[in-house]
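Analysis of the macromolecular model
Each chain, letter by letter, is given below.
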Amino acid sequence: MIKFNRRRALTLLGGAAAASTLAAPAIAANKKIKVGALRFTSHSGSFIAFERGYFADAGLDVEFQFFQAAQPMAVAIASGDIDYAVTAISGGLISLADKGAIKVIGGALKEEAGIDGQKYLISSGSYDAGVKTLKDLDGKKYAVTQAGSSFHYMGAKMAEAEGISLRFTPLQKVGAIIGAMKSGQVDGWSIVPHIAKPLAKAGAWKIAGNVSDYIPDYQVTTVFTSAKNAANERGMTESFLQGFSRGVDDYAAAMIDKTASQDEMIDLIHKYVYTDRERAKAAPSIINGTMRLSSGAALNLASVQDQLSWFQSEGLVGSDITLDTLVDSSYVETTGA
């Protein structure tokens, strides 16, 4: 297996962007691990597991490392700077898996019928100029972070269904896309509800559709680790998934099923998400960000295969890469195989 450092992982990732039920874990003895995270509601499974001692119960001493975007987390996993993380599948992540650096081991955020999810958007400037529906985006600029990102995938799937062509415009960061949408430099985009809904209400853009209408049962994000951890650190990996899954269950009970205190859960999440806002102002955005997280870190293999096949059809990853190259399906329950 190729040994990866940060420089090598970045090179591979950049090139790609351009081009069973959980087992009872073997309890570790206060094993120190680093977990990558974004300060999003969708990463709450990890935050809850840490705050409520579920990782500690599994013998793990967790330290969070926070990132501004998904791709750097994949680089950090590949180079060994962090041990576990949650992120969307991208061309870069698939390329790193193809090089023997990482493995998807579970599922996290997903689109589910009946639960509010990601939105397709039209900028207010474009809407006022006559772009009223997603079909009207034909030939227009559609924002993505990078070629081969999940934004690229979501836009392409919608365009295919609508029979239109989009001009994909890479802007690197979510913040840059928000600015471009507000100023009318791009016409369309897709994003999670906690960003989509409040800014739509403020007039920054119009919500034009739901991602779930175009990509049902979309496995939006996955849990992943290094190929080395997946192969050689089974006890530690099972322990991480066990703690993470307990956090996900608590999240669902409070934020979706309403069988536990939502106020208490918002207080916990607010320690990590929208920390620059007072609690009263942060709470609506935390609630708006509520989507289903896969119970038991279950993984929808049919969705992962669809994403892999799309990246291959676009020439963004190698045509000979298989699902087994990307996924170690031995850790969690899988569906859609």
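The structure displayed is predicted, hence computed values, not measured ones.

**Let's talk about empty space enclosed by the protein**
Think of a ball as big as a water molecule: rolled over the atoms, this probe shows where empty space is left. Empty space within the largest cavity amounts to approximately 40 Å³. Every residue along the wall of the largest cavity is listed here: Val35, Gly36, Ala37, His43, Ser46, Ala85, Val86 and Phe244. Of all the elements in the fold, those that place two or more residues in the lining of the largest cavity are strand E1 (31–37) and strand E3 (84–88). The element that contributes the greatest number of residues to the lining of the largest cavity is E1, accounting for three residues. Looking at the lining of the largest cavity residue by residue, the classes come out as five nonpolar, three polar and no charged.

**Section: the confidence of the model for the protein**
Within the protein, residue pLDDT values average 90, and 91% of them lie at 70 or more. Here residues 16–26 is modelled with pLDDT under 50, and outside its nearest four sequence neighbours on either side it reaches 38 contacts, counting other chains as well.

**Some points on the nonpolar core**
With 104 residues, the main nonpolar core has Ile102, Trp189, Phe224 and Phe240 as its most contacted residues. Per-element accounting of this core gives the leading share, eight residues, to helix H12 (residues 234–255). Summarising the domain contributions, this core has at least three residues from each of domain 1 (25–112 + 219–335) and domain 2 (119–214). Excluding its chain neighbours within four sequence positions, the residues that come into contact with Phe240 are Ile33, Val35, Ser46, Phe55, Leu60, Tyr84 and Val223.

**Comments concerning the packing of helix H2 (residues 44–51) against helix H13 (residues 262–269)**
One way to put it is that H2 packs onto H13 with a least axis distance of 10 Å and a crossing angle of 95°. As far as their axial angle goes, H13 and H2 are roughly perpendicular. Contacts between H2 and H13 involve Ser44, Phe47, Ile48 and Glu51 from the first element and Met265, Leu268 and Ile269 from the second. Grouping the constituent residues of the contact of H2 with H13 by class yields five nonpolar, one polar and one charged.

**Notes on the side chain of Asp83**
Inspection of the secondary structure puts Asp83 in the loop between helix H4 (70–79) and E3. Summary of buried charges: Asp83 has no salt-bridge partner, and the nearest side chain of opposite charge, Lys31, is 7.5 Å away. When sequence neighbours within four positions are dropped, the list of residues in contact with Asp83 reads Ile33, Lys34, Ile77, Phe224, Thr225, Ser226 and Asn229.

**Some words on the packing of aromatic side chains**
Evaluation of the coordinates by the stated rule reveals 18 aromatic pairs. For the pair Phe47 and Phe66, a centre-to-centre distance of 6.1 Å together with 40° between the ring planes defines the contact as tilted. With Phe47 in helix H2 and Phe66 in strand E2 (residues 60–66), this residue pair connects regions lying 19 residues apart in the sequence. Among the residues examined, Phe66 registers a relative accessible area of 29% and is labelled partly exposed. A ring pair is formed by Phe47 and Tyr272, whose centres lie 4.4 Å apart and whose planes are at 5°; its orientation type is stacked. Of the two residues, Phe47 sits in helix H2 while Tyr272 sits in the loop between H13 and helix H14 (279–288), which places them 225 residues apart along the sequence. There is no split in this pair, since Phe47 and Tyr272 are both buried. The rings of Phe47, Phe50, Phe64, Phe66 and Tyr272 are connected pair by pair, giving a single aromatic cluster.

**Considering the domain arrangement of the protein**
Examined at the domain level, the protein breaks down into domain 1 (25–112 + 219–335) and domain 2 (119–214). Using C-alpha coordinates to define each centre, domain 1 is positioned 25 Å away from domain 2. With 17 residues of domain 1 in contact, the opposing surface of domain 2 contributes 14 residues. Counting each side, the surface lost to burial between domain 1 and domain 2 is near 1,500 Å², with a carbon and sulfur contribution of 64%. A salt bridge links Lys157 to Asp306; its shortest N-O distance comes to 3.1 Å. One can count six residue pairs in polar contact (both at pLDDT 80 or more) joining domain 1 with domain 2. Among the elements of the structure, H14 and helix H15 (301–313) are those that each provide at least two residues to the side of domain 1 that touches domain 2. Here the element with the most residues in the side of domain 1 that touches domain 2 is H15; it accounts for four residues. Taken together, the residues that form the side of domain 1 that touches domain 2 break down as eight nonpolar, seven polar and two charged.

Conventions we followed
- Residues numbered from 1 in each chain as written.
- Predicted model: local features only at pLDDT ≥ 70, side-chain atom pairs only at ≥ 80, totals over all residues.
- Heavy atoms only, no water.
- 1 Å grid on protein atoms, 1.4 Å probe; cavity = no way out; pocket = protein on both sides within 12 Å on 5 of 7 lines; lining within 4 Å.
- Points joined across faces, edges and corners; volume = space filled by probe spheres on them.
- Helix = DSSP H or I, 4+ residues; strand = E, 2+ residues; numbered from the N terminus.
- Nonpolar A, V, L, I, M, F, W, Y, C, P; charged D, E, K, R; others polar.
- pLDDT = per-residue confidence, 0-100.
- Contact = heavy atoms within 4.5 Å.
- Core = buried A, V, L, I, M, F, W, Y, C linked by side-chain atoms within 4.5 Å.
- Buried < 20%, exposed > 50% of the residue type's maximum accessible area, 1.4 Å probe, protein only.
- Domains from an automatic or database assignment.
- Axes fitted to C-alpha atoms, helices over the stretch in contact; angles between N-to-C directions.
- Parallel < 35°, antiparallel > 145°, perpendicular 65-115°, else oblique.
- Lys, Arg positive; Asp, Glu negative; His and termini not counted.
- Salt bridge = Lys/Arg side-chain N within 4 Å of Asp/Glu carboxyl O.
- Phe/Tyr/Trp six-rings, centres within 6.5 Å; stacked < 30°, edge-to-face > 60°.
- Buried area = accessible area lost by both parts, 1.4 Å probe.
- Polar contact = N/O pair within 3.5 Å; in protein donor to acceptor, adjacent residues only side chain to side chain.

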